[in-house]
Amino acid sequence: MIKLLFAFVFLTCFACHQQEKTNTASNLAVGTATTQNDPTRFRPIFHFSPPKNWVNDPNGLVYHQGNYHLFYQYNPYGTKWGHMTWAHATTKDFVSWENLPAAIPENEQDSIMIFSGSVVVDTENSSGFGTKEKPPLVAIYTAFNHSADAQKAGQSQHIAYSNDGGIAWVKYEKNPILDLKKKDFRDPNVFWHAPSKQWVMAVVLPLEFKCLFYGSKNLKEWKLLSEFADAGNKRLIWECPALVELALDGDEKNKKWALLISSAHPDSTSKYVGMQYFVGDFDGKTFKNLHKPSTTLWLEYGKDFYAAIPWNQNPDGRKIILGWMNNWAYADTIPTSPWRGQMSVPRTMALKTYAEGIRITQQPVKELEKLRKKLHHFENMEIGSPFDLIKGVRGNVLEIEIEFEIQDAKEFGIKVAQGKAEETIIGYEVGSQQVYIDRRKSGMVDFKNNFASKDSAPLRAENGKIKWKILLDKCSVEVFANDGIVAITSLIFPSAGSQGLSLFAKEGKVKIKHLMIWELGK
Ligand code: FRU
């Protein structure tokens, strides 16, 4: 931005010191400007992306013998949706991923695709597919029969099992295990409910905006427990449900249940998908919403976080979710190649009481701190200019922590991925109390006319302060505001050289209590 060069920079630095910590690791992933026309330049460093081809929902997240498994919706033949198959990767630390052979393939002959679902470790061998000594992994997923024969077409729930830790899978010979003879009935999410000593499945009727709960002793025979409906947002669809138990305000003796539903986006004027949740009690039969049915709670305010589900049976007790970082509204047009689609960072959920009620908070898993290489640290700066360039710091793989103390500026924030005519703005509007990501000038935006957007979320200052954690990884920005009460996730496709950063304040000043920028790398 030419303007930038001439901008009057008004910066008072009370005690501005820059402290640099250098890590010994060599392959710093920052500042690498690859060729402008090379679509591989968007390949994220610490977000999971498949080596090639199309990806959508994460499936079958489960912990087993030291590995966090990720199965995911995958097209083995191309970069658009189709031939849905469960692909497979694992991680031990949420930072490095190992790609494994595709796990559950479509059955093309019978026109059956493998849609979303979950995996459990059947510890007591309740299914009989393994032994008690060597418990099987059991996958519970939707089989989508797209046959032209109306008698056969539809969605039903199937299972498959693995006795080698998730590499080889055998489809159960007596599938389906649940069939309502419906066109749309999908995305079973199963977990062990200890108090009622049964497996519980949440599964949706997407176009009827209903979540059904089933119970089973052996993962093969299921009976309906209850139905949850007539609540929250019912504008577009309900998909990928997940019921998760969380300690309220960190109190392990006071737990509540969160029901996550992939549905519409808070921007009600569009066909964008998004995620909502409900908070309530679950007694092994019924989910009781603690809020009024008319209350809609949003898990995300960005356009690029969908189909998130938690890792099952995580031994350290954290409830960690992973989402697909894309939006059905433009997913198959994003300009990456030879892959299309990626996952969010794994996020630890918590449940906290606020003045307005109980809310979910999300934070990137702490393991990501391992990526921190070099720290640029600033303190107590007063920003009162239209622009202030953060000198000497550039990069497209960064973690930023920033705390503002509101003064008289009407709007303030930080710009990332800045280049000659490009910028992605993370800002706060004091009057309307809204935090936002504005990607309208973020780089390539016109591959689809609904991609360019500004996504805002309500955010109250806490004691006059606004705090953000921002993750930038080549083609994405994730913002976690005020300890994760708000999350905004956005894909961006900047030019290779757009790696600048600057702070801004409009019509007044803002104080920056501290600003930490870590260059990240593996
Ligand atoms: C959600 C979804 C699921 C379905 C899968 C198909 O993104 O539509 O409901 O199982 O994708 O790929």
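Residues numbered from 1 in each chain as written. Predicted model: local features only at pLDDT ≥ 70, side-chain atom pairs only at ≥ 80, totals over all residues. Heavy atoms only, no water.

Regarding its fold elements, the protein chain presents 1 helix and 36 strands. Here the protein chain has a C-alpha radius of gyration of 23 Å; the compact-globule value for 522 residues is 24 Å, and the two agree. Along the first, second and third principal axes, the C-alpha atoms of the protein chain reach 70 × 50 × 45 Å. Scored against the burial criterion, the 522 residues of the protein chain give a buried share of 61%. A total accessible area of about 20400 Å² is found for the protein chain, and carbon and sulfur atoms account for 52% of it. Here the protein chain contributes 62 positively and 57 negatively charged side chains, and the mean placements of these two sets differ by 1 Å. (Helix = DSSP H or I, 4+ residues; strand = E, 2+ residues; numbered from the N terminus. Rg over C-alpha atoms; globule rule 2.2 N^0.38 Å. Buried < 20%, exposed > 50% of the residue type's maximum accessible area, 1.4 Å probe, protein only. Areas by Shrake-Rupley, 256 points an atom, 1.4 Å probe, with all protein chains shown as cover. Lys, Arg positive; Asp, Glu negative; His and termini not counted. Charge placed at Lys NZ, Arg CZ, Asp CG, Glu CD.)

On the secondary structure map, His69 appears in strand β3 (residues 67-75). With relative accessibility at 3%, the residue His69 sits in the buried group. At 2.8 Å, the side chain of His69 forms a polar contact with the side chain of His88. Residues in contact with His69, not counting those within four places in the same chain, are Gly60, Leu61, Val62, His64, His88, Ala89, Thr90, Gly165 and Trp311. (Polar contact = N/O pair within 3.5 Å; in protein donor to acceptor, adjacent residues only side chain to side chain. Contact = heavy atoms within 4.5 Å.)

Below, the discussion takes up the sheet that holds strand β4 (residues 85-91). Taking strand neighbours across the sheet as the criterion, the 5 strands line up as β5-β4-β3-β2-β22 in an open arrangement whose pairing is mixed. Where the open sheet ends on each side, the last strands, each with one partner, are β5 (97-104) and β22 (339-340). By the bridge criterion, 7 bridges tie strand β2 (residues 53-64) to β3 in an arrangement that is antiparallel. Looking at the pairing, Tyr63 lines up with Tyr68 of β3. (Pairing = 2+ DSSP bridges.)

Turning next to empty space enclosed by the protein. Tallying each qualifying case throughout the model produces 2 cavities of 30 Å³ or more. In this structure, the largest cavity occupies an estimated 40 Å³ of space. For the largest cavity, the full set of lining residues is Pro58, Asn59, Ser116, Gly117, Asp187, Pro188, Asn189, Cys240, Pro241, Ala307 and Ile309. Counting only elements with at least two residues in the lining of the largest cavity, the list comes to β2, β6 (112-121), β11 (186-193), β15 (239-248) and β20 (306-310). Among the elements that line the lining of the largest cavity, the one with the most residues is β11, at 3 residues. When the residues that make up the lining of the largest cavity are grouped by side-chain class, the tally is 6 nonpolar, 4 polar and 1 charged. The calculated volume of the second largest cavity comes to roughly 40 Å³. Surrounding the second largest cavity, Tyr277, Trp298, Leu299, Glu300, Tyr301, Ile360, Gln362, Gly484, Ile485, Val486 and Ala487 form its lining. Of all the secondary structure elements, the ones that give two or more residues to the lining of the second largest cavity are β24 (357-364) and β34 (486-491). (1 Å grid on protein atoms, 1.4 Å probe; cavity = no way out; pocket = protein on both sides within 12 Å on 5 of 7 lines; lining within 4 Å. Points joined across faces, edges and corners; volume = space filled by probe spheres on them. Nonpolar A, V, L, I, M, F, W, Y, C, P; charged D, E, K, R; others polar.)

Below, the discussion takes up the site of the ligand. Close to the ligand lie Asn56, Asp57, Gln73, Trp81, Phe115, Ser116, Arg186, Asp187, Glu239, Tyr306 and Trp328. One of the side-chain nitrogen or oxygen atoms of Arg186 is found 2.7 Å away from an oxygen atom of the ligand. In the complex, 96% of the free accessible area of the ligand, which totals 320 Å², lies under the protein chains. A per-class count over the shell around the ligand returns 4 nonpolar, 3 polar and 4 charged. (Near = heavy atom within 4 Å.)

Per the counting criterion, the structure on display carries 31 salt bridges. With a shortest N-O distance of 2.7 Å, Glu356 and Arg460 are connected by a salt bridge. On the criterion of sequence distance, the pair formed by Glu356 in the loop between β23 (347-354) and β24 and Arg460 in the loop between β31 (454-458) and β32 (465-473) is long-range, its members being 104 residues apart. For Arg460, a relative accessible area of 43% corresponds to the partly exposed category. Through salt bridges with shared partners, one network takes in Glu369, Arg372, Glu399, Glu401 and Lys469. (Salt bridge = Lys/Arg side-chain N within 4 Å of Asp/Glu carboxyl O.)

Here we take up the domain arrangement of the protein chain. In terms of domain boundaries, the protein chain breaks down into domain 1 (6-28 + 51-364) and domain 2 (366-520). Taking the mean C-alpha position of each, domain 1 and domain 2 sit 28 Å from one another. (Domains from an automatic or database assignment.)

This next bit is on the sheet that holds strand β13 (residues 210-216). Read across the open sheet, the 4 strands follow the order β11-β12-β13-β14; overall the sheet is antiparallel. Where the open sheet ends on each side, the last strands, each with one partner, are β11 and β14 (223-228). The sheet shows a mean angle of 25° between the axes of neighbouring strands, taken without regard to direction. Sheet analysis places β11 next to strand β12 (residues 198-205), joined by 6 bridges and oriented antiparallel. (Axes fitted to C-alpha atoms, helices over the stretch in contact; angles between N-to-C directions.)

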